[in-house]
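Examining the three-dimensional arrangement
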Amino acid sequence: MTSSHTDCHFCLQSLRGRKYTLREENAYCIPCYDSLYANPCEECKQPIECSSKDLAYKGRHWHEGCFRCAKCSRSLVEKPFAAKDEVLLCTECYSDEYSSKCFHCQKTIMPGSRKMEFKGSSWHESCFVCQYCRQPLGTKPLITKDNENYCVPCFEKQFAHHCYACKKVITSGGVTYDDQPWHKECFVCAVCKTQLSSQRFISKDEHPYCVDCFSKFYAKKCAACKKPITALGGAKYMSFEDRQWHRECFNCARCSASLVGQEFLTREDDILCHKCGSA
């Protein structure tokens, strides 16, 4: 270019009929400007002369022909690129080296695209959907089953158990009784409504009862001690005609010898061993 500037600010040679450039309102001949101010190219380390195009990224500079992918050497001029440890890569090479793979489709999640992360894995946004209704999950609550994700309504519809008592969905915990699922708070004694999930209970006619209520209303009474026979833990009891005894109470009324597995005689309401009954 030519102008009213007559001498180079650095070498003081005449600029008449010569190209020059301005810096801070001072004119420099091209050789002086390049030697004083040209940026060194990150790739070839040579100055980027005034006549060359200077491409800059984060304070570093390249010749136009040097601005290339560090792996495949394709030009990055006017193309998307990514940086890793100060190395420039085209999006394809960056994806091959560093990008996550979608857990669902196993394809690369390209830089700049939205990525969903859940339990240490990554998804394309379009792949992160409910397995049943195929609607995007985004940041909605979800439930995972067999490595598949479901929105809560679909999971409840497909898999959730419903409480035998209140018929509502059991979302966590729960108790199984008589092959039926119950909420812990719904699994109560049929009489006194005490929660039974953490204590012993007895079943009768498909209903659970706490030990006290079952003993009070349904258990047979021992003919000897008059206490209920609950048979908890598989305990055995003895029965004769319309009377029952605890196994440990089935003894001779006179000598108290155990009659379990022995012959015995009856006399009015008493049971006697053969020896006492024959005396």
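Everything discussed here concerns the structure shown above.
I will try to describe carefully the structure that is included in this document. (Residues numbered from 1 in each chain as written. Predicted model: local features only at pLDDT ≥ 70, side-chain atom pairs only at ≥ 80, totals over all residues. Heavy atoms only, no water.)

1. Some remarks on the pattern of salt bridges
Side chains bearing opposite charge may pair, as long as their charged atoms lie close to each other. Evaluation of the coordinates by the stated rule reveals 3 salt bridges. With a shortest N-O distance of 3.8 Å, Glu92 and Arg74 are connected by a salt bridge. Of this pair, Glu92 sits in helix H2 (residues 91-98) while Arg74 is found in the loop between strand S4 (60-63) and strand S5 (81-84), placing the two residues 18 residues apart along the sequence. Ionic pairing is found between Glu125 and Arg114, a salt bridge with its closest N-O pair at 3.0 Å. (Salt bridge = Lys/Arg side-chain N within 4 Å of Asp/Glu carboxyl O. Helix = DSSP H or I, 4+ residues; strand = E, 2+ residues; numbered from the N terminus.)

2. Focus on the packing of aromatic side chains
One pass over the full model with this rule turns up 22 aromatic pairs. Seen from their ring centres, Tyr164 and Trp182 are 5.2 Å apart, and the 45° between their planes marks the pair as tilted. Of this pair, Tyr164 sits in the loop between helix H3 (152-158) and strand S11 (175-177) while Trp182 sits in strand S12 (residues 180-182), and the two are 18 residues apart along the sequence. The partly exposed category is assigned to Tyr164, whose relative accessible area is 36%. Taken together, Tyr164, Tyr177, Trp182, Phe187 and Phe201 form an aromatic cluster joined through their ring pairs. The lysine or arginine in question, Arg23, covers the ring of Tyr37, its NZ or CZ lying 4.0 Å from the ring centre. (Phe/Tyr/Trp six-rings, centres within 6.5 Å; stacked < 30°, edge-to-face > 60°. Buried < 20%, exposed > 50% of the residue type's maximum accessible area, 1.4 Å probe, protein only. Lys NZ or Arg CZ within 6 Å of the ring centre and 35° of its normal.)

3. Here we look at the side chain of Thr91
Structurally, the position occupied by Thr91 is in helix H2. For Thr91, the side chain forms a polar contact with the side chain of Glu92, separated by 3.2 Å. (Polar contact = N/O pair within 3.5 Å; in protein donor to acceptor, adjacent residues only side chain to side chain.)

4. Here we look at the nonpolar core
In this structure, Phe67, Cys69 and Leu76 are the most contacted members of the largest nonpolar core, which totals 15 residues. At 3 residues, strand S6 (residues 87-90) tops the list of elements feeding residues into this core. One finds Trp182, Cys189, Tyr209 and Cys213 within the second-largest nonpolar core, a separate group that totals 14 residues. (Core = buried A, V, L, I, M, F, W, Y, C linked by side-chain atoms within 4.5 Å.)

5. Structural notes on the environment of Pro31
Structurally, Pro31 is set in helix H1 (residues 30-37). Between the alpha carbons of Pro31 and Tyr20 there is a distance of 8.9 Å; along the sequence they are 11 residues apart.

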